[in-house]
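Survey of secondary and tertiary structure
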Amino acid sequence: SVGAFTVNQLSLPIRRTQLGAAPSSVEELISMPETWGPIKQELDHVPVFSCANDQGQPLQYNLGGKPVAFFFLDIDAAKDELEKAKTEAKLEGLSLLP
């Protein structure tokens with residue numbers, strides 16, 4: 001037979017959760033080492049590629065009147081974009097960077 005018990009008798013660890021306001025911008029997120037550090041560690045394991053010039057500056061397109069750099073998780077998509085930039089946009093000196 002099972003006897004009655006209270007939650008305190010289970011000896012379960014009490015889990016405390018801290019809630020805080022979410023950062024309002026990427027800059028704010030990156031400036032918070034306690035928040036950004038663990039995220040950055042996880043992202044460091046994700047392979048990312050860009051089409052970049054000789055100085056390592058990523059290829060940018062004009063979207064909505066602003067320059068936007070493109071990064072790729074798929075190596076084949078990055079290769080396709082590199083080829084398109086070289087042939088259609090006639091951009092020289094580009095290479096694929098991890």
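Residues numbered from 1 in each chain as written. Predicted model: local features only at pLDDT ≥ 70, side-chain atom pairs only at ≥ 80, totals over all residues. Heavy atoms only, no water.

**Things to note about the pattern of salt bridges**
- Counted according to the given criterion, the structure contains two salt bridges.
- In this structure, the salt-bridge partner of D44 is K40, at a minimum N-O distance of 3.1 Å.
- Between E81 and K84 there is a salt bridge, with the nearest N and O atoms lying 3.6 Å from each other. Of the two residues, E81 and K84 both sit in helix α3 (residues 75–87), three residues apart, roughly one turn of that helix. (Salt bridge = Lys/Arg side-chain N within 4 Å of Asp/Glu carboxyl O. Helix = DSSP H or I, 4+ residues; strand = E, 2+ residues; numbered from the N terminus.)

**A few points about the packing of aromatic side chains**
- Under the criterion given, the structure shown has one aromatic pair.
- A ring pair is formed by Y61 and F70, whose centres lie 5.2 Å apart and whose planes are at 90 degrees; its orientation type is edge-to-face.
- Look at Y61 and you get partly exposed, because its relative accessible area is 27%. (Phe/Tyr/Trp six-rings, centres within 6.5 Å; stacked < 30°, edge-to-face > 60°. Buried < 20%, exposed > 50% of the residue type's maximum accessible area, 1.4 Å probe, protein only.)

**What to know about the environment of A85**
- Mapped onto the elements of the fold, A85 is located in helix α3.
- In contact with A85, not counting residues within four places along its chain, are L59, Y61, K90, L91 and L94. (Contact = heavy atoms within 4.5 Å.)

**So, α3**
- Between the first and last C-alpha of α3 there are 18 Å, a value that for 13 residues agrees with the 18 Å anticipated at 1.5 Å per step.
- Burial in α3 covers these residues: A78, E81, L82 and A85. Each buried residue of α3 lies within a common arc of 105 degrees when the element is viewed along its axis, so the set occupies one face.
- Among the residues of α3, the N-terminal cap falls to D74, whose side-chain oxygen and the backbone nitrogen of D76 are separated by 2.8 Å. (Expected span 1.5 Å × (residues − 1). Arc of directions from axis to C-beta. Polar contact = N/O pair within 3.5 Å; in protein donor to acceptor, adjacent residues only side chain to side chain.)

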